[in-house]
Structures are given as structure tokens and as C-alpha cells.
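Read off the chains here:
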Amino acid sequence: MSDAPRADLQEGDRKVPGAPEAGGLSAPRTPRGYLDQTEGQERVTGQGAAPGPVKERLWIYDTTLRDGQQTQGVQFSTPEKRQIAEALDRLGVDYIEGGWPGANPTDSEFFAALPRVRARVTAFGMTKRAGRSAENDDVLAAVLDAGTDTVCLVGKTHEFHVTTALGVTLEENLEAIRASVAHVVAKGREAILDAEHFFDGYRANPAYALDCLQAALGAGARWVVLCDTNGGTLPAEVGRIVAEVIAAGVPGDRLGIHTHDDTGTAVAATLAAVDAGARQVQGTLNGLGERCGNANLTTLIPTFLLKEPYASRFETGIDREALSGMVRVSRMLDDILNRVPRRASAYVGASAFAHKAGLHASAILKDPATYEHVDPALVGNVRVIPMSNQAGQSNLRARLAEAGLEVPSGDPRLGRILETVKAREDQGYAYDSAQASFELVARRELGLLPSFFEVKRYRVTVERRRVGEGTMTLSEAVVVVLIDGQRVLSVSESLDENGTERGPVNALSKALAKDLGRWQSVIDDMRLVDFKVRITQGGTEAATRVIIDSEDGQGRRWSTVGVSPNIVDASFEALLDAINWKLVRDARQEDSR
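Owing to the predicted nature of the structure, the values given are computational and were not obtained by experimental measurement. (Residues numbered from 1 in each chain as written. Predicted model: local features only at pLDDT ≥ 70, side-chain atom pairs only at ≥ 80, totals over all residues. Heavy atoms only, no water.)

## Quick look at a nonpolar patch on the surface
Then comes step 1: A cluster of nonpolar side chains, namely Leu-528, Phe-531, Val-533 and Ile-567, defines an oily patch on the protein surface of about 290 Å² accessible area.
Then comes step 2: Among the elements that line the nonpolar patch, the one with the most residues is strand β14 (residues 527-535), at three residues.
Then comes step 3: Residue position: Leu-528 is located in strand β14.
Then comes step 4: Given the relative accessible area of 36%, Leu-528 is considered partly exposed. (Patch = residues over 30% accessible without salt bridge, like charges linked within 9 Å, V, L, I, M, F, W, Y side chains within 5 Å. Areas by Shrake-Rupley, 256 points an atom, 1.4 Å probe, with all protein chains shown as cover. Salt bridge = Lys/Arg side-chain N within 4 Å of Asp/Glu carboxyl O. Helix = DSSP H or I, 4+ residues; strand = E, 2+ residues; numbered from the N terminus. Buried < 20%, exposed > 50% of the residue type's maximum accessible area, 1.4 Å probe, protein only.)

## Overview of the sheet that holds strand β16 (residues 557-564)
Then comes step 1: A sheet is described by the order of its strands in space; here three strands give the open sequence β14-β15-β16, paired in antiparallel fashion. The open sheet is flanked by β14 and β16, the only strands paired with a single partner. The average undirected angle you get between the axes of adjacent strands in this sheet is 20°.
Then comes step 2: Both β14 and strand β15 (residues 544-551) contribute to a ladder of eight bridges, which runs antiparallel. When the sheet's bridge partners are listed, Arg-534 is paired in β15 with Arg-545. (Pairing = 2+ DSSP bridges. Axes fitted to C-alpha atoms, helices over the stretch in contact; angles between N-to-C directions.)

## A short note on the side chain of Ser-571
Then comes step 1: Checked against the element boundaries, Ser-571 lands in helix α20 (residues 567-586).
Then comes step 2: For Ser-571, a relative accessible area of 0% corresponds to the buried category.
Then comes step 3: Among residues more than four places away in sequence, those in contact with Ser-571 are Val-505, Phe-531, Val-546 and Ile-548. (Contact = heavy atoms within 4.5 Å.)

## Notes on the pattern of salt bridges
Then comes step 1: Applying the stated rule across the entire model yields 38 salt bridges.
Then comes step 2: A salt bridge links Lys-156 to Glu-196, with the nearest nitrogen and oxygen atoms 2.8 Å apart. Here Lys-156 is found in strand β5 (residues 150-156), whereas its partner Glu-196 is found in strand β6 (residues 190-196), with 40 residues between them in sequence. Both residues of the pair, Lys-156 and Glu-196, count as buried.
Then comes step 3: Among the ionic pairs, Asp-496 bridges to Arg-502, the shortest N-O distance being 2.9 Å.
Then comes step 4: When its relative accessible area of 16% is taken as the criterion, Asp-496 is described as buried.
Then comes step 5: Through salt bridges with shared partners, a single ionic network connects Asp-200, Arg-203, Glu-237, Arg-240 and Glu-244.

## Examining the environment of Trp-59
Then comes step 1: With respect to the helices, strands and loops of the structure, Trp-59 is situated in strand β2 (residues 59-62).
Then comes step 2: Overall, the relative accessible area of 1% leaves Trp-59 in the buried class.
Then comes step 3: Here the alpha-carbon distance between Trp-59 and Val-281, two residues 222 residues apart in the chain, equals 6.2 Å.

Read these as geometric descriptors, not functional statements.
The following block contains the structure:
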């Protein structure tokens, strides 16, 4: 990513970021009631609006492909790294750290065939080792051989690590930083120093930690990045130290921040560093990273674009149109990792704009800004009015309106829907986390639920077989449905394409979705993405609640619930709801009559 507007870049352009330039992002129309938080005035945009103040450039450096891969249980394949890099580039980040060339086969393969992106793909490595020149260090050579325009080298800045971990003198470490950065610059590359353990080092010996930064800058480094490697520095101290570093002569527009979330304050510490003058921000998508993770870019990026004072003060390479894809990028990463998205994640979580309390929902109907700090659509999210036994008619009407069902206030059917919801929640259903099932309940009470098919019966068998010296378990499901007056029987086993047993619910899901006649094409892009089970009562009256999350090819996700003493029966009920909700959304209504 260059410091020119993205639309002006031509294929093959390669520019080293320089000093901040004037410019600003055009903002879409502000929804009624939402404020830009500048002196409490609503944002005024459009023709005739006065030009805004000159903004400072803030550079976004993503390290998901390297630091994110340090997360326990995370290992990206080369195609996955390319997919993530391309998504980051579409988002508009300035730097994409691809990994450490030569450290493992996956990173080496990634750098051998770099994706075509406009962001500056960065190779990561370390400063030269003691006892050899930068020109003759094979590890440093492997990093340079990756051929990236930008190289980021980690260097020690804490005297304890220099003398104990590296086993060299303080001056030898300074020379390693100087020589390594100078060698990178001499090769025509942009050089970045990640100042490892900087905050711990600054507490122990401020003069030496600063000497390390000045050694890199003096050798031609574009950026020096202050790393809170252990994640233990709190935001106030981060801000104070960054301000002192700038006061000591390190320019803020050449200073970056890299925080970890070990105290749960990585985002706050990053903001404190920016407030103090740092102008490069490092982080990862969804806060991936070693131990407790890194600063979360899916939180920081919307904050920089939407919240004051950052929105008025800074510009980034990310525009409002790209920001509206933030939820999609976050969930893409979770899909790659086969993880369930965290519902409570700021901005992008499924519950980030959920309003359960009746009082809140009533106010939201009048003006969303009463209980929302930003419009959820700005990040690609949606407002949710969950239904539960705490709900009143305000929640109910708001939730029905979201489903396209307009019911006037005072309609007696509203009371019947609430009674049904509350009665079923007494049986163990949970509609605040299963919005699609709630919609089907409401449509049924309103007489607006089409009958697409009828399940006549189903059967699931589980068989344990002896195979050679071991055993295997195999499930088989049979489902009989009535579609357009015809009985259709479908059978499926629980083995996947690799021959791995996936259990009776998987077999049931495959059988149910195997042949729905003229509706089959509507559900072909459905897939089950999460399956949660909970026992809602104890003893002999135990009931099982199953919540299923489904997704389709349009990127929509919906949740359905089933309750039964039998886990398979509860699962089948949730599966039926999932398919029916999809058909309600996408099937031609006239065909269902």
C-alpha cells in the first residue's frame, strides 16, 4: 500500500511510505441520531459541506500470517495464507507480514509465489548474529531472498535479554541492529525494526533502549516499532513511555506500536500509543496471537474510522466501503480456522448489536442511537432484537419487523406469540440465541408459514463393528418426507468423504437434505457450522437443548433450536427449523401453496 490513494495505484507501483499527506475519507450519510462525537454535532456531509481539517496518516500493519500463527492450535496452509492476504488487501491494510522465510516450508512456499496485492508484503526475520557480518549471515540472507519490498527485523532492546538470552555485550547488540538495518536498506528495501521487549527494557535502562531505536533509525530504518512482547504494560504506561520516546528525539511518524493482550488491554494500549504520537499500528485479525493474543484489528480499524477523536484526526488506507466488509473478513478467518465466531466481539460479533431488554428494544424502535454507539451496517453487522421470556411487545414488533412482518400494535396475535414463546422457554427452548426458530414460531401463529414438505418418519441406527484388530462406529439415518403428494425416502451414512465417522446427527442432516424435490436447489448451499448441546433440567426429567448454527452461500448465518429428552430428536427439530427458515427466505412463496 502506497501513501497515494488506492484508486490511483497502477499495477506494479511500488512506493515506500513517506511523511503523512493531506487528505480525508469521504463518509456516507450519517443515520439519524448517530453522532460524529465532534462537539456533539451531527455529521454534515455532501455537496456544499465545508472541507474538513488536514488529517494525519495512520499506517495499519497486519501480522496475522506470522504472529497470528503463533496461536495455539493454529497452522495456516499456503493457500489459506494467500486467501487471508488477499482479503487483507481488499480491506486496505498497508502492510501484510507474510511470515519468516526459511523458518518453515509453509512460509517459504508463500514467499516463493507471493499473491498479487497492493499492500506491502513484508518478510520477517531477526538481526544478524554476533561473530559474522550482515552480508554473511545466512538467516538474514534468507529473509532478503524472499524479495519483498519491506523487511521487518526483530532486535533486542532489553539489556537483560541481550546479555542473558543472546549472550553478547550491549555494544555488540547495537552493532547488530545498525549493520542489519543498513544491509537491508543497501539492498533497496524498506526496513522496520521490531524493538522486542521494549517497554520492559525501557523500565530497566531507558538510555539503552533508546540507543537501540536510534541505531536503527540512524542506519535508515523507516519504522521502529515498540513491542510490549510480554503483554504486561498497562495503557497509561504505554502512553507515557511513547510520549517520552518521542520527546527524546524519535519522530512519531516513524514510530509504531505492537501490543499483546495478556492483561486484556492490548486495544486500549494501542490507542494510548496513538494518542501519544505513534503512527504505525500492528495487530491481527480477531486478535489472534501467542498466549492471549495480539491487538485486535477488527476492533481497532472500526475505532479509527468511526470514533472520535480518531475519525476526524486520521486517515488510513481503509475506506468506508471496505469497512462494511469487516464482519465478512472476520468470519472468513474463523471459517478457515474452523472456529465458532465469538458472539461478544466488539463491532463484528453476532451479539454486538443485540438488544434483549424490552426497555432497550422500545427505545431502539424510536431511534437506534439510543442504545447503539454506531450504525451496525457500517461494519457489515446487523441489529438483533432477541426473543426471550423477558420480552415485551416492543421487542416482539421490532423482531418481526426485521423479518419483514409488520404487525400493528395491539394486534391480539402479538399476545399469542408471546405466550407461545414463554411457554416453550419454560420447556427449555432458548429463542434469544435461536432467532430463526423464533421467526418460524411467529410465522406459524400469524398464519404465514408455508408448508414446504412434511416429515412422515425418520430412523437413526448406531452400529459398532469390529474391523481388524480394532472397532469402528457407524451411524445410518433414514428419512421419509412427503413433497407435493409424493413420499420420498432418503438414506445416508455418517462417514465423510475421508471415511471418518461424523456421528448420528451428521447422518440425519445429510439424509434430510438429500432429496427435497423442487426445493433441493434452494438448500444446496446450506451447511452446518456449529452444534451446541445443553442439558436444561436434571434428574429423571432431564431435557436436551440443541442449538444449530447454519450458513449459506450468501454468507448468512442463522440459529435454530430443538428440545427433547432424546438428543437425536432435539437435533432433528433444530435441523428441520434450519431448512424451513432457509426455504422461507429463498423459495418462491407461490410454489409452496
